[in-house]
Amino acid sequence: MSNSSGRSYGRRRVLVTGGAGFLGSHLIDRLLKRGDEVLCVDNLFTGDKSNIDHLAGNPRFEFMRHDVCFPLFVEVDEIWNLACPASPIHYQHDPVQTTKTSVHGAINMLGLAKRLKVPIFQASTSEIYGDPSIHPQPEEYWGNVNTIGPRSCYDEGKRCAETLFFDYHRQHGLDIKVARIFNTYGPRMHASDGRVVSNFIVQALRGEDITIYGDGSQTRSFCYCEDLIEGFIRFMEAGPDVHGPINLGNPVEFTIRQLAETVLAKIGGRSKLVEEPLPQDDPLQRRPDITKAKQQLDWKPSIELDEGLDRTIAYFRTIVAEKPARIGERHLAGVNA
Ligand code: NAD
Ligand code: UDP
Ligand code: UDP
């Protein structure tokens, strides 16, 4: 049943932009489990319908192919803005479109939230800290970002989106939730988007060399997707006084070489570790300070890398065995691909 504006009575109707992607599809699973109706909006630029195929017959799920750079007029009770290519290969493929997605997409989704007077979540990123000179990174740190490098379209787009969120909050009283997400991994990552966890696992499963960029001494902290989504939900449910930005990630830090060795030890096989040039502006270290998330959301990750990798390897074993063609694709359907 709907009211005059088209919104359902009783059941919460939520919009997830970027819902056919890695994180978006896990979020949708969780929201459907919560009892919500979900509208997934995605232009399938990097997303894949196979991530949401299992929801096709669900009467509480709806998919709309749409680019968030254009206005969207729908009636919902809550907005989760995740639409944006996330891996360096993907966001550098069409950098202008990447910035447009972050900035125009944020303006449109904020305009929608303003008209409907509903809470809106923004998937921001640890990339807004750039190559950080403070370690680990607390939310108060303003970052060290190159404005004109190959990563800038993503980093500066996401920084501008944060500015827009806080200005809509101050100027129009919007209930915003800005999460700074640190490296997250798990099933449904793209097999070929160049991110380190998927790259290393697929390379090891296929017996190919494992490509360490630089000497592998750079660090990252890896959060399993299920932990991250729990953080998202707690943030949205934290009430109208909690706006962030809040870091969400796993504070246990590994060098990239350690990650390669761990993946290889788990999968075995004949792969060798080989060094390749470090990409420009590649941050040397990254680890979240999650004090704020612990205090304000009572949240911390619980799935260790060991277990998360086992689950992710199980997923990629299926992809490598049953859908090898997907690994060769770069999933750049749609916009200027
Ligand atoms: P993903 O590429 O799997 O998902 C992004 C989704 O957005 C895709 O389905 C894509 O098709 C869609 N999309 C892209 N441009 C769009 C547009 N203009 N209109 C509509 N849909 C569009 O990436 P992900 O890892 O799931 O990332 C989701 C969000 O989380 C992104 O905003 C990303 O910046 C953020 N994030 C992710 C990580 C991580 O480690 N995975 C870390 C920090 C931030
Ligand atoms: N917008 C939208 N859906 C809505 C309301 C607004 O996509 O339901 C878009 C609209 O295109 C506008 C943007 O959001 O350009 C920002 O809206 P806002 O009301 O803040 O600004 P204005 O319309 O005054 O430019
Ligand atoms: N990396 C690597 N080999 C790969 C892919 C990535 O050594 O095959 C490195 C990359 O240079 C970076 C780290 O792993 O230092 C994380 O890369 P990813 O693209 O996953 O995430 P981001 O750089 O955005 O944190």
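If you're wondering where the values come from, they're calculated on a predicted model, not measured in any experiment.

Parameters at a glance
Residues numbered from 1 in each chain as written. Chains lettered and ligands numbered in written order. Predicted model: local features only at pLDDT ≥ 70, side-chain atom pairs only at ≥ 80, totals over all residues. Heavy atoms only, no water. Near = heavy atom within 4 Å. Polar contact = N/O pair within 3.5 Å; in protein donor to acceptor, adjacent residues only side chain to side chain. Areas by Shrake-Rupley, 256 points an atom, 1.4 Å probe, with all protein chains shown as cover. Helix = DSSP H or I, 4+ residues; strand = E, 2+ residues; numbered from the N terminus. Nonpolar A, V, L, I, M, F, W, Y, C, P; charged D, E, K, R; others polar. Phe/Tyr/Trp six-rings, centres within 6.5 Å; stacked < 30°, edge-to-face > 60°. Buried < 20%, exposed > 50% of the residue type's maximum accessible area, 1.4 Å probe, protein only. Expected span 1.5 Å × (residues − 1). Core = buried A, V, L, I, M, F, W, Y, C linked by side-chain atoms within 4.5 Å. Contact = heavy atoms within 4.5 Å. Pairing = 2+ DSSP bridges. pLDDT = per-residue confidence, 0-100. Axes fitted to C-alpha atoms, helices over the stretch in contact; angles between N-to-C directions.

Chemist: Help me get a handle on the site of ligand 3, residues and values and all.
Modeler: The immediate surroundings of ligand 3 are formed by 18 residues, with N199, T211, R220, D282 and R286 found nearest. Within the contact set of ligand 3, an oxygen atom lies 3.0 Å away from a side-chain nitrogen or oxygen of Q218. Taken by itself ligand 3 offers 520 Å² of open surface, and the protein chains cover 95% of this. Those elements that place two or more of their residues in the shell around ligand 3 are α5 (196-205) and β8 (210-213). Classifying every residue of the shell around ligand 3 by side-chain character gives 7 nonpolar, 5 polar and 6 charged.

Chemist: Outline the packing of aromatic side chains, listing residues and values.
Modeler: Counted according to the given criterion, the structure contains 10 aromatic pairs. Each ring, one from W80 and one from F121, has its centre 4.9 Å from the other, and the planes form 45°; the classification is tilted. Highlighted residues: W80 in strand β4 (residues 78-81) and F121 in strand β5 (residues 120-125), separated in sequence by 41 residues. Take W80 and F121: they sit in the same class, and that class is buried. The interplanar angle of 50° and the centroid separation of 4.6 Å between the aromatic rings of F121 and F232 together place this pair among those described as tilted. Residue F121 is found in strand β5, and its partner F232 is found in helix α6 (residues 225-236); the two are separated by 111 residues along the sequence. We classify F121 as buried; its relative accessible area is 0%. An aromatic cluster of at least three residues, connected via ring pairs, comprises W80, F121, F232 and F235.

Chemist: Just give me the short version of the site of ligand 1, but keep the residues and values in it.
Modeler: Around ligand 1 lies a shell of 31 residues, among which L23, D42, T46, Y154 and K158 are the nearest. One of the backbone N or O atoms of F22 is found 2.9 Å from an oxygen atom in ligand 1. Contact distances for ligand 1 include 3.2 Å between a nitrogen atom and a backbone N or O atom of N43. Notes on ligand 1: free accessible area 820 Å², of which the protein chains cover 98%. Looking at the shell around ligand 1, the elements with two or more residues in it are α1 (22-34), α3 (95-116), β5 and α4 (152-172). Of the residues that constitute the shell around ligand 1, the class distribution is 14 nonpolar, 13 polar and 4 charged.

Chemist: Give me the lowdown on helix α9 (residues 305-322), citing residues and values where you can.
Modeler: Taking 1.5 Å per residue, 18 residues should reach 26 Å; α9 reaches 25 Å between its end C-alpha atoms and fits that length. Turning to α9, its buried residues number three or more, namely L305, G308, L309, T312, I313, Y315, F316 and I319.

Chemist: So what about the nonpolar core? Which residues, and what values?
Modeler: Ranked by internal contacts, the top residues of the largest apolar core, which has 62 residues, are W80 and F232. A per-element tally of this core places α6 first, with 7 residues. Not counting chain neighbours up to four residues away, the residues in contact with F232 comprise L27, W80, L82, F121, I181 and L248. Judged by nonpolar contacts, the second largest core, of 26 residues, contains A83, V103, I176 and V178.

Chemist: Give a description of the pairing of β4 that names residues and reports values.
Modeler: The alternating pattern of β4 places E78 and W80 on one face and I79 and N81 on the opposite face, and all of these are buried. As paired strands, strand β1 (residues 13-17) and β4 are joined by 4 bridges and run parallel to one another. Looking across to β4, one finds that V16 is bridged to W80. Across 3 bridges, β4 lies against β5 in parallel orientation. Paired with W80 across the strands is F121, a residue of β5.

Chemist: Tell me what's going on with the confidence of the model for the protein, and back it up with residues and numbers.
Modeler: Residue-level pLDDT values for the protein average 93, and 93% of them are 70 or greater. Here residues 1-6 is modelled with pLDDT under 50, and outside its nearest four sequence neighbours on either side it reaches 9 contacts, counting other chains as well. Below a pLDDT of 50 lies the segment residues 330-337, which in the model reaches 26 contacts outside its immediate sequence neighbourhood of four places, other chains included.

Chemist: Outline the sheet that holds β1, supporting the account with residue identities and numerical values.
Modeler: Spatially, 7 strands are ordered β3-β2-β1-β4-β5-β6-β11 in an open sheet, and the strand pairing comes out parallel. Every interior strand has two partners, whereas the edge strands, β3 (61-65) and β11 (246-248), have only one. For this sheet the average axis-to-axis angle between neighbouring strands, irrespective of direction, equals 20°. Of the pairings in the sheet, the one linking β5 to strand β6 (residues 176-181) comprises 6 bridges and is parallel in character. Among the inter-strand pairings, Q122 is bridged to a residue of β6, identified as V178. Across the face of the sheet, α4 comes into contact with β5 and β6 while running at roughly 150° to β5. Against the sheet, α6 touches β4, β5, β6 and β11, its axis set at about 160° to β6.

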